[in-house]
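# Coordinates in review
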Amino acid sequence: MIDPSTPGAGASPVPVILDGDPGHDDAIAWVLALAAPTLEVLGITTVGGNAPLEKTTYNTLRILTLLDRTDVPVAAGASRPLVAEPIVAPSVHGESGLDGPELPEPAVQAVQETAVELMARLLRSASRPVWLVPTGALTNVAALLLAHPELHARIAGISLMGGGIQRGNWTPAAEFNILVDPEAAKIVFESGLPLKMAGLDVTERAQFLPEDFEAVRAVGGPFAEVVADWLHFFYEFHHALGYAGAPVHDPVAVVALIAPEILQTQEMFVQVETAGQYARGATIGDVYGSTGRAPNAEVAMGIDREAYVELIVTAVRRHSERLAGGKR
């Protein structure tokens, strides 16, 4: 799958809209995206998932205030899935949805538009098609696709974190983001738009070990301390489950746009199970082409872990230097 909107050397930055439910790994994904010279972040939309919508929106505004990037508009999106009951994850991210280091109070508020309204406006006004980068439930993206079929051509593609071909993490079959709203995920995977899927097959390999988040801390400065503490908080939860490190899932969806060369990918046809007693929310990948269906997703299956760590360390260094210099 060739992506003409993915920039090469000397190309202008790719416009993106971020969507998520921060969440420690969403926060780090946005740190990476906002530091990438090859991306232009047009806006951020929030969704209920890791925590209820009011918390994920509040966390988003605190993250942008910490980064001194309050120029990026934020819109609150769906508070609940399209048809299912909400699922939240306080056991993973804490009651606030972003427990750990203290963050500043928001310096700005969310815009009055809904997530769908902001995304639609940004798509219309962008100079070229925009990549959507959702790292939570796909409710907002599905709602956009349903409400604005005339804007599909303005979407270059969707690079998402969610699913897993081999297994799940919230149930044996389903990964959390997809399980929160399988009906929305089904709409996205059947949209016909170019899809990049960063599921558990790759994100479970995208681990930060203790020496890695100490490398982040070694960048120096208050911002690096916050990111290192986010990583350490995430590590403690996963270490208790037997992980050697913290699988930092969500930034891999950004990596697919800024450094695809460090990923090993496979094109395949992926379906989303919306029923089933045991497999609701599962992403079923036709690994061997047995259905004869054309691939609808480029699925990341492996990653150069050391290069991944270095990308995030570099992003933290860029932000730290910018913040120390008082520049946006």
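Residues numbered from 1 in each chain as written. Predicted model: local features only at pLDDT ≥ 70, side-chain atom pairs only at ≥ 80, totals over all residues. Heavy atoms only, no water.

We now examine the pairing of strand E6 (residues 195–198). Across the two faces of E6 the burial is the same, with Leu-195 and Met-197 and Lys-196 and Ala-198 all buried. Sheet analysis places strand E5 (residues 155–161) next to E6, joined by 4 bridges and oriented parallel. Pairing of Leu-160 across the sheet is with Met-197, part of E6. Pairing analysis gives 3 bridges linking E6 to strand E12 (residues 297–303), with the strands arranged parallel. Residue pairing in the sheet places Lys-196 in a bridge with Glu-298 of E12. (Buried < 20%, exposed > 50% of the residue type's maximum accessible area, 1.4 Å probe, protein only. Helix = DSSP H or I, 4+ residues; strand = E, 2+ residues; numbered from the N terminus. Pairing = 2+ DSSP bridges.)

Let's shift gears to the pattern of salt bridges. According to the stated counting rule, one finds 13 salt bridges in the structure shown. For Glu-204, the salt bridge is made with Arg-167, and the minimal N-O distance between the two is 2.9 Å. A residue pair is termed long-range when its members are at least 10 positions apart, and Glu-204 in the loop between helix H8 (200–203) and strand E7 (207–208) and Arg-167 in the loop between E5 and helix H6 (176–180) qualify at 37 residues. We classify Glu-204 as buried; its relative accessible area is 13%. Taking relative accessible area as the criterion, Arg-167 reaches 37% and is therefore assigned partly exposed. A network of salt bridges, in which partner residues are shared, links Glu-214, Arg-217, Glu-225 and Asp-229. (Salt bridge = Lys/Arg side-chain N within 4 Å of Asp/Glu carboxyl O.)

Moving on: the nonpolar core. Among the nonpolar cores identified, the biggest contains 70 residues, and Val-16, Leu-39, Phe-208, Trp-230, Leu-263 and Tyr-308 are the most heavily contacted of them. If we skip the residues at most four places from it in the chain, Val-16 touches Leu-39, Glu-40, Val-41, Leu-42, Gly-43, Val-130, Trp-131, Val-133 and Leu-257. Judged by nonpolar contacts, the second largest core, of 37 residues, contains Val-130, Leu-145, Leu-151 and Val-270. (Core = buried A, V, L, I, M, F, W, Y, C linked by side-chain atoms within 4.5 Å. Contact = heavy atoms within 4.5 Å.)

Buried within helix H4 (residues 115–125) are the following residues: Ala-115, Val-116, Leu-118, Met-119, Ala-120, Leu-122 and Leu-123. In this structure, the buried residues of H4 make contact with strand E1 (14–20), strand E2 (39–46), strand E3 (74–76), strand E4 (130–134), helix H5 (139–147) and E5.

Among the 7 residues in E1, 7 count as buried, and that is most of the element. Across the two faces of E1 the burial is the same, with Val-14, Val-16, Leu-18 and Gly-20 and Pro-15, Ile-17 and Asp-19 all buried. The handedness of the E1 to E2 crossover, carried by helix H1 (residues 24–35), is right-handed. In terms of strand pairing, E1 meets E4 through 4 bridges, oriented parallel. (Right-handed = clockwise from strand over helix to strand, strands pointing away.)

As a further point, take the environment of Gly-48. Summarising the element assignment, Gly-48 is placed in the loop between E2 and helix H2 (53–66). Given the relative accessible area of 13%, Gly-48 is considered buried. Residues Gly-48 and Asn-140 lie 92 residues apart in sequence; the distance between their C-alpha atoms is 9.7 Å. In this view, Gly-48 contacts Asp-21, Leu-53, Thr-56, Ala-78, Ala-137 and Val-180; residues no more than four positions away in its chain are not counted.

Another point: the sheet that holds strand E9 (residues 263–268). If you walk across this open sheet you meet the 8 strands as E3-E2-E1-E4-E5-E6-E12-E9, and the pairing is mixed. Because the sheet does not close on itself, it has two edges, and the strands there are E3 and E9. Between one strand axis and the next, the sheet turns through 25 degrees on average, direction left out of account. (Axes fitted to C-alpha atoms, helices over the stretch in contact; angles between N-to-C directions.)

We now examine the side chain of Asn-296. Structurally, the position occupied by Asn-296 is in the loop between strand E11 (283–285) and E12. We classify Asn-296 as buried; its relative accessible area is 15%. Within the structure, Asn-296 has its side chain in polar contact with the backbone oxygen of Phe-189 (distance 3.0 Å). At 2.8 Å, the side chain of Asn-296 and the backbone nitrogen of Val-270 are in polar contact. Residues contacting Asn-296, with those up to four places away along its chain left out, are Phe-189, Leu-193, Leu-195, Met-268, Phe-269 and Val-270. (Polar contact = N/O pair within 3.5 Å; in protein donor to acceptor, adjacent residues only side chain to side chain.)

These results come straight from atomic positions and should not be treated as a statement about function.
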